[in-house]
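Residue strings, one per chain:
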Amino acid sequence: MKVLILNSGVGSRLKEITKNKPKCLVELYNKETILERQIRLLSQYGLKKFVITTGPFEEKIIKKLEDNFSGLDIVYVKNPKYKDTNYIYSMYLAKKYLNEDIILLHGDLVFSKSLIEEIMKNEVKNVGLINKKLPLPEKDFKALLKDERIMKISVELKGENVFTFMPFYKLEKDKFDIWFKEIEKYINSNRTNVYAEEALNQVLEVMQLNYFDYSDYYCKEIDNHQDLQDVNQEIIRYDENEAN
C-alpha cells in the first residue's frame, strides 16, 4: 500500500504564514509540521511508501523529510502548473507511481493517532471519511450518503443524508483505477482546474465507495488562521490521551 499526499497548493488563505513555505510545513503546537505529523502517524502503522505531490517550495519539503524520515521510500512529483491547476492535475502527474492500494489524503489534514489505527484495521477496504455529528461546513466538502455508500462529494451539497466529508480515502487499486481513468478523461479534455472529486462523482456508483464515520476521532483540515488555532487547541487533548 502507498500513501499519496497532495501538497501542490499555495495555501493563500494563511497569508504571511505560507509566504515562504508550503502549507504542509506549517508548525503545530508542538513545533511538528503538519506533514511530519502525517508521515509519523502513518508510518507507525506499517506504511512506508509515500508519493508526495508538490508545488511551491518543493526543496523545503524534501529537506524536511530527508532530515527526519530517511528510512522511508518517498517519491516527489512536482506540479509545474500549480498556480493554474487543481490537484486533479497533480494526481494525474503521479500516475506511474500509483500502482498499489492507496491511502489518499490532502496535505493540510491533521488527525489523531487513533483515527489511523481504526482505518488501517477496518475490514472495509474502500472508504472515504464522513462525520455525522459535525454541522455542515459552508465552504468545504460534504458527502451525500445512500444505502451506506457515498453517492456524491461536493462543496455545494445540502439537505438530508448529507454530512461533513474529509478528503481522506483508503482505496484498493482496482477501485482507484476506476477513478483515475475518469481523471484522465478530464485532463484530456483540459479540465485541470476542478476538484478531483468532480471526476470521482462520475464513477462513485460503479466504485461503491463506503464511508468511515470519524465522529469519535479527530480529523480537521487547516485552511485559514482560525482553523490553525482551533486545531492547536483541540488536537493536544487527543495527543495526551493517546500517548504511548
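See the structure printed just above.
About the thresholds
Residues numbered from 1 in each chain as written. Predicted model: local features only at pLDDT ≥ 70, side-chain atom pairs only at ≥ 80, totals over all residues. Heavy atoms only, no water. Helix = DSSP H or I, 4+ residues; strand = E, 2+ residues; numbered from the N terminus. Rg over C-alpha atoms; globule rule 2.2 N^0.38 Å. Buried < 20%, exposed > 50% of the residue type's maximum accessible area, 1.4 Å probe, protein only. Areas by Shrake-Rupley, 256 points an atom, 1.4 Å probe, with all protein chains shown as cover. Salt bridge = Lys/Arg side-chain N within 4 Å of Asp/Glu carboxyl O. Pairing = 2+ DSSP bridges. Right-handed = clockwise from strand over helix to strand, strands pointing away. Contact = heavy atoms within 4.5 Å. Phe/Tyr/Trp six-rings, centres within 6.5 Å; stacked < 30°, edge-to-face > 60°. Lys NZ or Arg CZ within 6 Å of the ring centre and 35° of its normal.

Engineer: It is not clear to me how the overall build of the protein should be interpreted in this structure. Could you clarify?
Structural biologist: Across its full length, the protein holds eight helices and 11 strands. Rg of the C-alpha trace for the protein: 17 Å, near the compact-globule value of 18 Å for 244 residues, within the 12% margin. Judged by the C-alpha coordinates and their principal axes, the protein covers about 40 × 40 × 35 Å. Buried residues in the protein amount to 54% of all 244 residues. As displayed, the protein has an accessible area near 11,900 Å², and 43% of this comes from carbon and sulfur atoms.

Engineer: Explain the pattern of salt bridges here, please?
Structural biologist: Pairing of side chains with opposite charge becomes possible as their charged atoms draw close. Per the counting criterion, the structure on display carries 13 salt bridges. Note that Glu184 is salt-bridged to Lys95, the shortest N-O span being 2.6 Å. Linking Glu184 in helix α5 (residues 173–188) with Lys95 in the loop between α3 (87–93) and β4 (102–106), this pair joins segments that are 89 residues apart in sequence. Judged by its relative accessible area of 44%, Lys95 is partly exposed.

Engineer: Sorry if this is basic, but what is going on with the pairing of strand β2 (residues 49–54) here?
Structural biologist: Within a regular beta strand, the side chains point alternately toward one face of the sheet and then the other, so they alternate between its two faces. For β2, the tally of buried residues reaches five of six residues, placing the bulk of the element in the interior. Relative to β2, strand β1 (residues 2–7) runs parallel, the two sharing six bridges. Its bridge partner being in β2, Leu6 is matched across the sheet by Thr53. As for the winding sense of the linkage, the β-α-β connection from β1 through helix α1 (residues 34–43) to β2 is right-handed. A crossover connection joins β2 to the parallel strand β3 (residues 73–78) through helix α2 (residues 58–68); in handedness this β-α-β unit is right-handed.

Engineer: Just to check I follow, could you spell out the environment of Glu58 for this structure?
Structural biologist: Summarising the element assignment, Glu58 is placed in helix α2. Looking at Glu58, the relative accessible area reads 16%, which means it is buried. Considered as a pair, Glu58 and Lys21 are 37 residues apart in the sequence and their alpha carbons are 8.9 Å apart. Beyond its immediate stretch of four places on either side in the chain, Glu58 contacts Tyr76 and Lys78.

Engineer: Can you walk me through the side chain of Asn7 in this structure?
Structural biologist: Tracing the chain through its elements places Asn7 in strand β1. When residues no more than four places from it in sequence are discounted, the contact partners of Asn7 are Cys24, Leu35, Ile52, Thr53, Thr54, Gly55 and Gly107.

Engineer: Where do I start with the packing of aromatic side chains in this structure?
Structural biologist: Here the distance between the centres and the angle between the planes together describe a pair of aromatic rings. For the coordinates displayed, the defined rule picks out 11 aromatic pairs. Each ring, one from Tyr87 and one from Tyr195, has its centre 6.0 Å from the other, and the planes form 35°; the classification is tilted. Taken as a pair, Tyr87 in helix α3 and Tyr195 in the loop between α5 and α6 (196–201) lie far apart in primary sequence, 108 residues in all. Classification of Tyr87 as buried rests on a relative accessible area of 11%. Tyr195 sits in the partly exposed class, given a relative accessible area of 38%. Their ring planes at 55° and their centres at 5.6 Å tell us that Phe165 and Tyr169 sit as a pair that is tilted. Linked through ring pairs, Tyr87, Phe141, Phe165, Tyr169, Phe176, Trp179, Phe180 and Tyr195 together constitute an aromatic cluster. Looking at Lys132, its charged tip hangs above the ring of Phe163, at a distance of 5.7 Å from the centre.

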